[in-house]
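Summary of structural features
Letter by letter, the chains look like this.
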Amino acid sequence: MPPYSDTDFLYFDTEKRTVIGPVEWTKTGNVKPLLKPGAPEESGDRRRRGRPRKEYYIWGTYRSLKRLYNLEGKVKREESTQTLDEAMARAQKEAYWD
């Protein structure tokens, strides 16, 4: 059984592909942004001007996160593909199909 239900709102670390914890809410009903620890790393020759940009964890429902980042190791959904000849033959027989 998964540790969270599909409707739980959670913070997620995309680099480590782990769930951080449940989302915290403000008094007005908005999500509190959760700041990532540490400063952004300085790349060698390219230096940014101004202050370094703050980075925040993404958040969403457990259901959407597990589908986007394949958290539970499920196989991706296969798309039904047909050749053009098969699709044209089926279109001539049936006006609409799924």
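Before any of the text, the structure's been laid out above.
Residues numbered from 1 in each chain as written. Predicted model: local features only at pLDDT ≥ 70, side-chain atom pairs only at ≥ 80, totals over all residues. Heavy atoms only, no water.

A count of helices and strands for the chain gives two helices and three strands. The linear arrangement of helices and strands in the chain, starting from the amino end, is β-β-β-α-α. Pairs at least 24 apart in sequence give 39% of the contacts found in the chain among residues at least 6 apart. On the chain, roughly 9,300 Å² of surface is accessible, and the fraction owed to carbon and sulfur atoms is 50%. (Helix = DSSP H or I, 4+ residues; strand = E, 2+ residues; numbered from the N terminus. Contact = heavy atoms within 4.5 Å. Areas by Shrake-Rupley, 256 points an atom, 1.4 Å probe, with all protein chains shown as cover.)

This part covers the environment of Thr18. Following the sequence through the fold, Thr18 ends up in strand β2 (residues 18–22). For Thr18, a relative accessible area of 34% gives the class partly exposed. If sequence neighbours within four positions are ignored, Thr18 has contacts with Phe12 and Asp13. (Buried < 20%, exposed > 50% of the residue type's maximum accessible area, 1.4 Å probe, protein only.)

Attention shifts here to unusual backbone geometry. Positive phi outside glycine occurs at Arg17, with the angle close to 55°. Position of Arg17 among the secondary structure elements: in the loop between β1 (9–13) and β2. With a relative accessible area of 45%, Arg17 lands in the partly exposed category.

Turning our eyes to something else, we now look at the packing of aromatic side chains. For any pair of aromatic rings, the description consists of the separation of the ring centres together with the inter-plane angle of the planes. Per the counting criterion, the structure on display carries five aromatic pairs. Here the aromatic rings of Trp25 and Trp59 are separated by 6.3 Å at their centres, their planes lie at 75°, and the arrangement is edge-to-face. Separated by 34 residues along the polypeptide, Trp25 in the loop between β2 and β3 (58–61) and Trp59 in strand β3 bring together distant segments of the chain. Judged by relative accessible area, which is 41%, Trp25 ranks as partly exposed. On the accessibility criterion, Trp59 (42% relative accessible area) is partly exposed. An aromatic cluster is built from Phe9, Trp25 and Trp59, whose rings are joined through pairwise contacts. (Phe/Tyr/Trp six-rings, centres within 6.5 Å; stacked < 30°, edge-to-face > 60°.)

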